[in-house]
Amino acid sequence: MAEQTHVLFVEDDDVIREATQLALERDGFAVTAMPDGLSGLEAFRADRPDIALLDVMVPGLDGVSLCRRIRDESTVPVIMLSARADSIDVVLGLEAGADDYVTKPFDGAVLVARIRAVLRRFGHANGRQGASGEGAASVDGGVLAFGDLEIDTEGMEVRRSGTPVALTPTEMRLLLEFSSAPGTVLSRDKLLERVWDYGWGGDTRVVDVHVQRLRTKIGQDRIETVRGFGYKLKA
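Residues numbered from 1 in each chain as written. Predicted model: local features only at pLDDT ≥ 70, side-chain atom pairs only at ≥ 80, totals over all residues. Heavy atoms only, no water.

## Focus: the overall build of the protein chain
Part 1 of the argument: Within the protein chain one finds eight helices and 12 strands.
Part 2 of the argument: Among the 235 residues that make up the protein chain, the fraction classed as buried is 48%.
Part 3 of the argument: Put simply, of all contacts in the protein chain between residues at least 6 apart along the chain, 60% involve residues at least 24 apart.
Part 4 of the argument: For the protein chain, the computed accessible surface area is about 10,800 Å², with 49% contributed by carbon and sulfur atoms. (Helix = DSSP H or I, 4+ residues; strand = E, 2+ residues; numbered from the N terminus. Buried < 20%, exposed > 50% of the residue type's maximum accessible area, 1.4 Å probe, protein only. Contact = heavy atoms within 4.5 Å. Areas by Shrake-Rupley, 256 points an atom, 1.4 Å probe, with all protein chains shown as cover.)

## Notes on the sheet that holds strand E2 (residues 30-34)
Part 1 of the argument: If you walk across this open sheet you meet the five strands as E2-E1-E3-E4-E5, and the pairing is parallel. Pairing within the sheet leaves two strands with one partner each, and these edge strands are E2 and strand E5 (100-103). Mean inter-strand twist for the sheet, computed between neighbouring axes without regard to direction, equals 20°.
Part 2 of the argument: Sheet analysis places strand E3 (residues 51-55) next to strand E4 (residues 78-82), joined by four bridges and oriented parallel. Bridge pairing links leucine 53 to isoleucine 79 in E4.
Part 3 of the argument: Of the strands in this sheet, strand E1 (6-10) and E2 touch helix H2 (residues 37-47), which is tilted by about 165° from E1. (Pairing = 2+ DSSP bridges. Axes fitted to C-alpha atoms, helices over the stretch in contact; angles between N-to-C directions.)

## Some thoughts on unusual backbone geometry
Part 1 of the argument: Lysine 104 connects to proline 105 through a cis peptide bond whose omega is -5°.
Part 2 of the argument: One non-glycine residue, serine 161, adopts positive backbone phi at about 55°.
Part 3 of the argument: Among the structural elements, serine 161 can be located in the loop between strand E9 (157-160) and strand E10 (163-165).

## A look at the packing of helix H6 (residues 169-180) against helix H7 (residues 188-195)
Part 1 of the argument: Packing of H6 against H7 leaves a shortest axis separation of 10 Å and a crossing angle of 120°. With respect to their mutual orientation, H6 and H7 come out oblique. Here H6 and H7 pass one another in a crossing that is right-handed. Contacts between H6 and H7 pair Thr170, Arg173, Leu174, Glu177 and Phe178 from the former with Leu191, Arg194 and Val195 from the latter.
Part 2 of the argument: Its residues assigned to classes, the contact of H6 with H7 shows four nonpolar, one polar and three charged. (Parallel < 35°, antiparallel > 145°, perpendicular 65-115°, else oblique. Left-handed = near helix turned anticlockwise from the far one by under 90°. Nonpolar A, V, L, I, M, F, W, Y, C, P; charged D, E, K, R; others polar.)

## A word on H2
Each α-helix winds once per 3.6 residues, and so residues spaced three or four apart point in a common direction.
Part 1 of the argument: Of the positions making up H2, those classed as buried are Gly37, Ser39, Gly40, Leu41, Ala43 and Phe44.
Part 2 of the argument: Looking at the buried side of H2, the elements it contacts are E1, E2 and helix H3 (63-73).
Part 3 of the argument: Between the side-chain oxygen of the N-cap and the backbone nitrogen of leucine 38 there are 3.2 Å, and the N-cap of H2 in question is aspartate 36.
Part 4 of the argument: Of the residues flanking the end of H2, it is arginine 48, one or two places downstream, whose phi is positive at about 45°. (Polar contact = N/O pair within 3.5 Å; in protein donor to acceptor, adjacent residues only side chain to side chain.)

## Some words on the environment of alanine 19
Part 1 of the argument: Position of alanine 19 among the secondary structure elements: in helix H1 (residues 14-26).
Part 2 of the argument: Distance from alanine 19 to glycine 108, taken between C-alpha atoms, is 9.4 Å for residues 89 residues apart in sequence.

## As for H1
Part 1 of the argument: Between its terminal C-alpha atoms H1 stretches 18 Å, which fits the 18 Å expected from 13 residues at 1.5 Å a residue.
Part 2 of the argument: Residues of H1 that are buried: Arg17, Thr20 and Leu24. Considered in projection along H1, the buried side chains sweep an arc of 80° and stay on one side of the axis. Turned more than 90 degrees off the buried face of H1, the exposed positions are Val15 and Arg26. (Expected span 1.5 Å × (residues − 1). Arc of directions from axis to C-beta.)

## Brief notes about the pattern of salt bridges
Part 1 of the argument: Enumeration over the complete set of coordinates arrives at 18 salt bridges.
Part 2 of the argument: Aspartate 99 is paired through a salt bridge with arginine 71; the nearest N and O atoms lie 3.3 Å apart. With a gap of 28 residues between them, aspartate 99 in the loop between helix H4 (87-95) and E5 and arginine 71 in helix H3 connect regions that are remote in the sequence. The pair formed by aspartate 99 and arginine 71 is uniform in burial state, with each residue classed as buried.
Part 3 of the argument: With a shortest N-O distance of 3.8 Å, lysine 190 and glutamate 193 are connected by a salt bridge. One end of the pair is lysine 190 and the other is glutamate 193, both in helix H7 and three residues apart, which spans about a single turn.
Part 4 of the argument: Overlapping salt bridges bring together Glu11, Asp55 and Lys104 as one network. (Salt bridge = Lys/Arg side-chain N within 4 Å of Asp/Glu carboxyl O.)

Encoded structure:
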């Protein structure tokens, strides 16, 4: 029997927490549900879940702060849940290190689909399914070089001027997409489809914030914005 995926779910609304936990368990997930951020952090450290679902507005330690604490310790996938779809909630959550977000109220099937999409993305990064390297300078052992940036597509490691760069699985997947077609403009919609597995479209702010996060790690001028079209990795 396959091992269950363990979900940490932090939500202060009793009805939403219990209903969502039941729905996820019916879909085969093992769920640890907590009502506030501090207990959620304790559960994360004790259980080391496969993915975390964090409501933005929870007491004690809010969801954005909890996401930052988790990201300081782990690259585990994080999905933020928010009752508001405004830019502040979305951007704060993504900048804190979240991989995706879902707006409440949400359909259970949509939430499960987003969870599975994030987990697939995480598996792709850890499973070493990477870039082809066309247009890049190829070095020994499947390493792609772009100036001072080196991407080991087999060891799934990134170095800048010889110094290791820590990327989340989503950031790694995004970089692999860019490095597979250096110099080619990739639209936000195309990146949503390839990296976030959004066959039905999605919020392009997710792409923009992740590109900004990636730039801070690999160099601000390494990924170029092509206004009105998307982004490209400088070859």
